[in-house]
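# Results of the structural survey
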Amino acid sequence: MDRKECEEDVLENKDHSFDFYRKIGARALLSRRPSGNAGHNGGAEWGFHRMTSSLPLGFVGQLGVPVEDEQVTVLHEYWHSLQHSFIQTTSRGNGQKYVPGERTRDSLLGPVWFGEGSAVAMAEITHAQLRASGELSAWGDGEWEWQSLEKRMSQKMSEVQASRNKCPAMANIEYSSQCIQSMGYSAGAWAVIFLLSEFSQDILLTEFHPVVEEKTWEGAFIHTFGMSSSEFYEKFDDFLELSLDDQLKLLSRY
Ligand SMILES: [Zn+2]
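Along each chain, residues carry numbers from 1 onward, in the same order as the chain's sequence is written. Residue-level local features of this predicted model are given only where pLDDT is at least 70; pairs of side-chain atoms are given and counted only at 80 or more, and the full residue set underlies all totals for whole chains, interfaces and linings. The basis for every side-chain value is the complete set of heavy atoms in the structure, and neither hydrogens nor water enter the calculation.

## Side note on the coordination of the zinc ion
Metal coordination angles in their ideal form are 109.5 degrees for the four-donor tetrahedron and 90 or 180 degrees for the six-donor octahedron. Note that water is not among the atoms used; donors are N, O and S atoms within 2.8 Å of the metal (3.2 Å for Na, K and Ca), so sites may look incomplete. Around the zinc ion, the donor atoms from the protein are H76 (NE2), H80 (NE2) and E116 (OE), and they sit 2.0 Å away. Each donor residue of the zinc ion belongs to the same chain, with the gaps between them written as H-x3-H-x35-E. Separated by 36 residues along the polypeptide, H80 in helix α3 (residues 67-85) and E116 in helix α5 (residues 112-132) bring together distant segments of the chain. With respect to burial, H80 and E116 carry one shared label: buried. Runs of H or I in DSSP of at least four residues are treated as helices and runs of E of at least two as strands, each being numbered from the N terminus. Whether a residue is buried, partly exposed or exposed follows from its accessible area with a 1.4 Å probe, protein chains only, as a fraction of its type maximum: under 20%, in between, or over 50%, in that order.

Pasting the structure below:
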């Protein structure tokens, strides 16, 4: 980038600029209503991860947001940087859309449910484990009590159950979809927990991501999990029909 391009990007880029994130924090403080956003916003063409965040209200002790909220966000974005670190191509693809068989960065990250769902699931699981082992201390400083992994995942499951009959199938959710939160992030997180249930917790790092660029997303999926994504969608639909108690059993290993 030259200076002019950089200034345009920093100030005028509507969705991912520094100014976009700055305004979120400013508005939250002004309205006294907690709000935040963060993202892994490229950088591959320069050889680094460009991470951006609005004011982390929990870290700065504002508006009663628990520190834990921010810790989970950091782990979530860090998972995106791990996903990206296995991809060498700098070809971006077309508008954050997953195209089966394509080897652009966007397509190698997979469908939104997978890219976001694995970031949510790995952040939640890792956060709970780091707290249990004492590596992350429990702050207890928020205005609301920090919930257990079981409770947080139960909440996500109720979002999924409330919207899955009204929304497009998880496989077809895009960032612009109205159902992105429930059917992208929350259903995706449960899908990844279900997917991991018969494998080691590290399977994405040890088996999936190392071959994704060579085999494409679908190829890496079949290589790692021994089934196609369409076969998986059917199994996951059956899983969603189970009782919450049965679904939560998958969390006992963490
Ligand atoms: Zn994300």
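So much for the structure itself; the text now carries on.
## Remarks on the domain arrangement of the protein chain
Partitioning the protein chain into structural domains gives domain 1 (1-65) and domain 2 (67-251). Computed over C-alpha atoms, the centres of domain 1 and domain 2 are 23 Å apart. Contact residues are listed per partner, giving 14 residues for domain 1 and 17 residues for domain 2. Regarding the contact of domain 1 and domain 2, the summed buried area is about 1200 Å², with carbon and sulfur atoms giving 69% of it. What marks off one domain from the next here is an automatic or database domain assignment. Any two residues whose heavy atoms approach within 4.5 Å at even a single point are treated as in contact. Summed over both partners, the accessible area (1.4 Å probe) lost when two parts come together is defined as the buried area.

## Here we look at the environment of T89
Within the secondary structure, T89 sits in the loop between α3 and α4 (105-108). A sequence separation of 26 residues divides T89 from L63, and the C-alpha atoms of the two residues are 41 Å apart. At a separation of 3.1 Å, a polar atom in the side chain of T89 contacts the main-chain amide nitrogen of S91. Polar contact is the term for a pair of N or O atoms within 3.5 Å; when the atoms are in protein, one must be able to donate a hydrogen and the other to accept it, and sequence-neighboring residues count only if both atoms are side-chain atoms.

## Comments concerning the packing of α3 against α5
Put simply, α3 and α5 touch, their axes get as near as 8 Å, and they point 130° apart. Considered as vectors, α3 and α5 are oriented oblique to each other. Judged by the twist between their axes, the crossing of α3 over α5 is right-handed. Residue-level contacts link E68, Q71, V72, L75, H76, W79, H80 and Q83 of α3 to F114, G115, E116, S118, A119, V120, M122, A123, E124, T126, H127 and R131 of α5. Grouping the amino acids of the contact of α3 with α5 by side-chain chemistry returns eight nonpolar, eight polar and four charged. Think of each axis as a best-fit line through the C-alpha atoms, taken over the contacting stretch in the case of a helix, with angles from 0 to 180 degrees between the N-to-C directions. Our angle categories are set so that under 35 degrees counts as roughly parallel, over 145 as roughly antiparallel, 65 to 115 as roughly perpendicular, and the remainder as oblique. Each crossing gets its handedness from the near helix: less than a right angle anticlockwise from the far helix is left-handed, clockwise is right-handed. Note on residue categories: nonpolar means Ala, Val, Leu, Ile, Met, Phe, Trp, Tyr, Cys or Pro, charged means Asp, Glu, Lys or Arg, and polar means any other residue, Gly included.

## Here we look at the environment of M1
Examined against the element boundaries, M1 turns out to sit in the segment before α1 (3-12). Along the backbone, M1 and S200 are 199 residues apart, and their C-alpha atoms lie at a distance of 42 Å.

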